[in-house]
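# Fold and geometry: a report
So you can see what is in the structure, the chains are spelled out below.
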Amino acid sequence: MADMTAISLPVEKSRPIVNVSERHEARVAWMLAAPAMILIVLFIVAPVVAVITLGFTDFELGYSTFKFVGFENYAELFGDRTFRQSLWNTAIYTAIVAPASILLGLGVALLIESETVGRSFFRTAYFLPVASLLVAMATVWQYLLHPTIGPVNNLLNLIGLPGPNWLGSASTVLYSLSMIGVWQTVGFNMILFLAGLTAIPRDLYSAAEIDGAKSPIDRFFLVTLPMLGPTTVFVTTISIINAVKVFETVKTLTEGGPNKASEVLLFTIYQEGFVYLRVGYASAMTVVFLAVLVVMMFAQYRLVDRKVHY
Amino acid sequence: MTNTLSFGRAFRLTLLSLGALIFLAPYIFMISTAGKAQSEIFTSSLSLIPTQFFYLENFAKAFGRVSMGQLLWNGVVVCGLIFIFQVVIAIPCAYAMAKLKFGAARLLMALVMLGLLVPIHATSLPLYVAFDSAALLNSYTALVAPFSISVFAIFLFLQFFRAMPDDLIHAARLDGMSELGIVMRVIVPNAWPAITAFAIFSVVAHWNDLYWPLIVVSNQAYATPPLGLLFFRAAEAGDDYGALMAATLIITLPLVAAFLLAQKRFVEGITMTGLKG
Amino acid sequence: MSALSITNVTKSFGDNHILKGISLEAEAGEFIALVGPSGCGKSTLLRIVAGLEGADSGEIVAGGRDLTRLVAAERNVAMVFQSYALYPHLTASQNIAVPLAMRNLTSMQRLPMIGSLLPGQKAIRKDIMRQVTDMARSLKIDHLLDRKPGQMSGGQRQRVALARAMVRQPGLFLMDEPLSNLDANLRVHARGEIVDLHRRAGVPTLYVTHDQAEALSMADRVAVMMSGSLLQLAAPEVIYDDPAHIEVAKFVGQPRINTIASRVDADGAVTLGTWRLQPHDTLAPGSDITVAIRSEFLSIADMGTPGLPAHIERLEFLGSEVIVYTKLDAIGESMVVKLAPSDARGLVAGKPVTIVPQGERLMVFGADGARLRADLTFTTLLERAHG
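Residues numbered from 1 in each chain as written. Chains lettered and ligands numbered in written order. Predicted model: local features only at pLDDT ≥ 70, side-chain atom pairs only at ≥ 80, totals over all residues. Heavy atoms only, no water.

Now for the overall build of chain A. Tallying secondary structure elements over chain A gives 14 helices and 0 strands in all. Going from the N terminus to the C terminus, chain A shows its helices and strands as α-α-α-α-α-α-α-α-α-α-α-α-α-α. Over its C-alpha trace chain A gives a radius of gyration of 26 Å, far above what one expects of a compact globule, namely 19 Å for 310 residues. Put simply, chain A has 310 residues, and 55% of those count as buried. When contacts within chain A are restricted to residue pairs at least 6 apart in sequence, those whose partners lie at least 24 apart make up 66%. Total accessible area on chain A is roughly 14,100 Å²; 68% of this is exposed by carbon and sulfur atoms. Of the side-chain charges in chain A, 19 are positive and 20 negative, and the distance between the mean point of each set is 2 Å. (Helix = DSSP H or I, 4+ residues; strand = E, 2+ residues; numbered from the N terminus. Rg over C-alpha atoms; globule rule 2.2 N^0.38 Å. Buried < 20%, exposed > 50% of the residue type's maximum accessible area, 1.4 Å probe, protein only. Contact = heavy atoms within 4.5 Å. Areas by Shrake-Rupley, 256 points an atom, 1.4 Å probe, with all protein chains shown as cover. Lys, Arg positive; Asp, Glu negative; His and termini not counted. Charge placed at Lys NZ, Arg CZ, Asp CG, Glu CD.)

Now the structure itself:
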């Protein structure tokens, strides 16, 4: 577009009609885009700038004044046991939920794709958690995992195993939350993988058979896996970002406990910012959170550009 | 070939069925427990069919403690308003970016890409401060306004409009339509697949969102379904799981029912928004 | 012994009979084109020969090996697909190497990273690369070897697909409309190339196309298929000049062959409007027949000449020839006549003329569509029925 205007510049004087219609088009475009533009600035750009700025202040809600404190908030973050615990817990949670839900999603998609019977039933069954209210289903899980009256532990007792206090013990709470997280996201990943699988041209499988790929495993490595490359990169990014954003289950089931064993990033930000009202300090945490997201997205762009694009 | 297949198929079907059972188990227990009396919940949690049907009592309790109707209505109003604003604002903008030449297109594209990176969690602190100082907490405005702009909607529609033939728009212009007329009478009627896909994405996201409502709403009158359930749990001392399951059942049902009825659209919608987002 | 023999192959999906017992033999090094309208079963037959689909019954033997119960990978056949089916994530050279790697490397050796550490694979890989480069050079695509399919033109992709098919020296070559995704110019050029490659490789080839001109110009023999049956398998000139079935006659040749439905008279003669054709042999009196003649065996004479009176409706000038569309006065049937431009001088739409057929070129087909050999003894003499 830039070189087009450059070329049309000298012609402008001799053919003013083109210029008028172009100017009209630009004016209409501005009018159509203006509401969106204003709202983006109002609700996205300005708050991001504000949160970065607030991160350098000691602003607390309820106090009318605040002052800039430089990197003091960030220095405090490094020493903050709760925040470090929170980062660590989020990392562990992500390290479990993302790979597990990706692999299970892929596995289920492959099984459903190669099966002719009951396809839509299985798809529905695995996808149902995605369409369900997470807060509500978390409540159901709380009942299922109840240490004494919960069906899971009753089932374990039947076969003679002692059931742990899933959500109530510091040693198991993060894994229990991870399990719920996996249960909730497998269906989403499955749907994306199913779409990726149906987009693979049938001819490629025929060609692979003719080229001597005898077993389904050979064809999987020759055709399926590489052709799912872009889908896999996308699913991976989405899964990681969604895992980093875990909040609902923690807020509903554990409130970060017991003993901060399930304290995760967004929950800590929520507590600092909206319960203790330390906006400046919570803003600094938010900047760290945002930085994590930016790094993930950037990694995806690079990976898509370099490896799996064809 | 057929021999190995039948063994493989049996294995595959078993695996899929077992998995499906685990995935559906919470729903089965939810429905079962919602009909059990307190005493039965404490004694035999593994029997699925209640010995006495306590559904009426549990549902009555659920409706009695928190106004379930109000919660669901709030959910519908908030999701509906958000969706309408998002579409009305995003479509003209996406059309201008896709089909019209203007100087700010590149800047706008950069803003959209930036916006895709920023979730509500990152902007909630300043927004909360702003809504607080404007005395707008506990209102539909606070629940809806931050989501009135969806850069994801702009992005999705932009992709969709770019694939539409330019000739269609040129023909409309020659027929004497204004640009707004083109958007309303040519673009929108042809963009229904993208609009439905986005509707599903948007409604699922905002129906389920807990973070922002939790921040701006403390008054039950404006609670959305997830927040209302949280209030209900807080009000519910002890382990009255029967009533709790009845409440979760009511709150989960609308979206699950919508999904079961329009499954194909849901899957298409998720695929479209998922793959392009 | 023939290089390929297909015996009585049938295939149906439910009540839909795709193939109704196809038998076909190919000699060593023969190029056979399977041609027919879409849905005639030609692609299904090809996929059954390839082993991509199973036949309901029948057998396939190639080079003395019974292929019927082998999977595609074991048949040593090569196939070029309409979509080319190149692996989009692999470069041209990797694409061409796939069949060799599948055959010569073990599944452990093919593993990425780990495979390259195993003993013995280095020499094999080197040999594969040599074969790939040789193949690429002979197809003049050696400059494309590092490109991925997405970075190539249609014609280049088609050559890479050919190279991948030929590199393993298959026992049988199958092509499924390999030219239909190319533009018209390139397509004519590629025809010659494929024939040339075929001659050099000397491998029996089955070539599926819906384009009769492609089939006639490329193949040693043409197999015409219609709705699951093989109507005729013969050399192109036989298919054209001596079709065994009315559908074959109609499918082959441009413009389409002229046909006139008629009935054999009580005396065994055939009446065409006001004209009677007297065959030497007798046709069963009262039977329905179709008389057909190709447009180049008709000529146009002035009104009053013995022949079929007609009016010119439209002329199409094609450079080296002129197509004249006429309507017979007596029965209202259309007749298309192909003339040299010099013979078409003075013809205009609306002009009444006489069409003169070359009698020995008239063909007669029975009610079931099969050719009646009676036409071979048609007299060239056309006598007036009335007046």
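Time to look at the pairing of strand E7 (residues 172-176) of chain C. Residue and element names in this part refer to chain C. Most of E7 sits inside the fold, with 5 of its 5 residues counted as buried. What you see with E7 is no split at all: Leu172, Leu174 and Asp176 on one side and Phe173 and Met175 on the other are buried throughout. As defined by bridge partners, strand E6 (residues 77-80) adjoins E7 across 4 bridges and the pair is classed as parallel. Within E7, the residue paired with Ala78 across the bridge is Phe173. For the handedness criterion, the β-α-β arrangement of E7, helix H6 (residues 184-201) and strand E8 (residues 205-209) is classed as right-handed. (Pairing = 2+ DSSP bridges. Right-handed = clockwise from strand over helix to strand, strands pointing away.)

Moving on to the domain arrangement of chain B. On domain assignment, one finds that chain B holds domain 1 (2-62) and domain 2 (67-229). Computed from C-alpha coordinates alone, the two centres of domain 1 of chain B and domain 2 of chain B are separated by 38 Å. (Domains from an automatic or database assignment.)

Residues and elements named next belong to chain C. If you trace the 4 strands from one edge of the open sheet to the other, you get E2-E1-E4-E5, paired in antiparallel fashion. Looking along the sheet, the strands with just one partner apiece sit at the ends: strand E2 (16-26) and strand E5 (65-66). Bridge count for strand E1 (residues 4-13) against E2 is 8 bridges, and the pairing is antiparallel. Across the sheet, Ser5 pairs through a bridge with Glu25, a residue of E2.

The next point concerns the sheet that holds strand E15 (residues 298-301) of chain C. Residue and element names in this part refer to chain C. Pairing in this open sheet of 5 strands is antiparallel, and the strands run E15-E19-E16-E17-E18 from one edge to the other. Strand pairing shows two members of the sheet lacking a second neighbour, E15 and strand E18 (334-339), which therefore form its edges. Strand after strand, the sheet turns through a mean of 45° between neighbouring axes, direction not considered. Inspection of the sheet shows E15 paired to strand E19 (residues 352-357) by 4 bridges, in the antiparallel sense. Directly across from Ile300, in E19, lies its bridge partner Ile355. (Axes fitted to C-alpha atoms, helices over the stretch in contact; angles between N-to-C directions.)

Moving on to unusual backbone geometry. Between Gln254 of chain C and Pro255 of chain C the backbone carries a cis peptide bond, its omega angle lying at -5°. Phi angles above zero are rare outside glycine, and Asn259 of chain A is one such case at about 55°. For Asn259 of chain A, the location among the structural elements is in the loop between helix H12 (248-254) and helix H13 (265-275). In the Ramachandran plot, Leu277 of chain A falls in the positive-phi region, its phi being about 60° despite a non-glycine side chain. Relative to the helices and strands, Leu277 of chain A resides in the loop between H13 and helix H14 (279-308). With a relative accessible area of 25%, Leu277 of chain A lands in the partly exposed category.

Here the focus is the interface of chain A and chain B. Between chain A and chain B, the contact holds 93 residues from the first and 93 residues from the second. Across the chain A/chain B interface, buried area totals approximately 8,300 Å², and carbon plus sulfur atoms make up 78% of it. On the surface where chain A and chain B come into contact, there are 2 salt bridges. The salt bridge involving Glu115 of chain A is made with Arg12 of chain B; its shortest N-O contact spans 3.3 Å. Seen at the junction of chain A and chain B, the total is 13 residue pairs in polar contact (both at pLDDT 80 or more). (Buried area = accessible area lost by both parts, 1.4 Å probe. Salt bridge = Lys/Arg side-chain N within 4 Å of Asp/Glu carboxyl O. Polar contact = N/O pair within 3.5 Å; in protein donor to acceptor, adjacent residues only side chain to side chain.)

So, about the environment of Asp302 of chain C. Residue and element names in this part refer to chain C. Mapped onto the elements of the fold, Asp302 is located in the loop between E15 and strand E16 (308-317). Judged by its relative accessible area of 55%, Asp302 is exposed. C-alpha of Asp302 to C-alpha of Asp288: the two residues are 14 residues apart in sequence and 32 Å apart in space.

As for its placement among the helices and strands, Ile154 of chain B is situated in helix H8 (residues 151-162). Sequence spacing of Ile154 of chain B and Asp167 of chain B is 13 residues, and the spatial spacing of their C-alpha atoms is 22 Å. Not counting residues within four places of it along the chain, the set of residues in contact with Ile154 of chain B comprises Ala36 and Ile40 of chain A together with Ala90, Cys93, Ala94, Met97, Val112 and Ile149 of chain B.

Residues and elements named next belong to chain A. At a minimum axis separation of 9 Å, helix H9 (residues 202-210) and helix H10 (residues 216-227) run at an interaxial angle of 155°. Relative to H10, the element H9 is oriented roughly antiparallel. Every pair of crossing elements has a handedness; the one defined by H9 and H10 is right-handed. Contacts from Leu204, Tyr205, Ala208 and Glu209 in H9 reach Arg219, Leu222, Val223, Thr224 and Met227 in H10. Here the contact of H9 with H10 is composed, by residue class, of 6 nonpolar, 1 polar and 2 charged. (Parallel < 35°, antiparallel > 145°, perpendicular 65-115°, else oblique. Left-handed = near helix turned anticlockwise from the far one by under 90°. Nonpolar A, V, L, I, M, F, W, Y, C, P; charged D, E, K, R; others polar.)

Scanning all chains against the criterion turns up 21 salt bridges over all chains. Between Asp211 of chain A and Arg164 of chain C there is a salt bridge, with the nearest N and O atoms lying 3.7 Å from each other. In this pair, Asp211 of chain A sits in the loop between H9 and H10 while Arg164 of chain C sits in helix H5 (residues 154-166), so the two residues belong to two different chains. The class of Arg164 of chain C is buried, set by a relative accessible area of 2%. A single salt-bridge network, built from bridges that share partners, covers Glu76, Glu272 and Arg278 of chain A.

The domains assigned to chain A are domain 1 (2-51) and domain 2 (72-308). On a C-alpha basis, the centroid separation for the pair domain 1 of chain A and domain 2 of chain A is 41 Å.

This part covers the packing of aromatic side chains. Using the criterion set out here, one finds 27 aromatic pairs over all chains in the structure. Between Phe56 of chain A and Tyr74 of chain A the ring centres are 5.8 Å apart and the planes differ by 50°, which places this aromatic pair in the tilted class. Of this pair, Phe56 of chain A sits in the loop between helix H2 (16-54) and helix H3 (72-79) while Tyr74 of chain A is found in helix H3, placing the two residues 18 residues apart along the sequence. Given a relative accessible area of 23%, Phe56 of chain A falls into the partly exposed group. Put simply, the rings of Phe247, Phe267, Tyr270 and Phe274 of chain A together with Tyr128 and Tyr211 of chain B pair up and form one aromatic cluster. Above the plane of the ring of Tyr240 of chain C lies Arg294 of chain C, whose end atom (NZ or CZ) is 4.0 Å from the centre. A cation sits over an aromatic face here: Arg314 of chain C above Tyr325 of chain C, 4.1 Å from the ring centre. (Phe/Tyr/Trp six-rings, centres within 6.5 Å; stacked < 30°, edge-to-face > 60°. Lys NZ or Arg CZ within 6 Å of the ring centre and 35° of its normal.)

All names here are of chain A. The predicted model of chain A averages 84 in pLDDT, with 92% of residues at 70 or higher. For chain A, per-element mean pLDDT is lowest for helix H1 (residues 2-11), which scores 42, and highest for helix H4 (residues 81-113), which scores 93. Below pLDDT 50 for its whole length, residues 1-13 participates in 3 contacts with residues either more than four positions away or in separate chains. (pLDDT = per-residue confidence, 0-100.)

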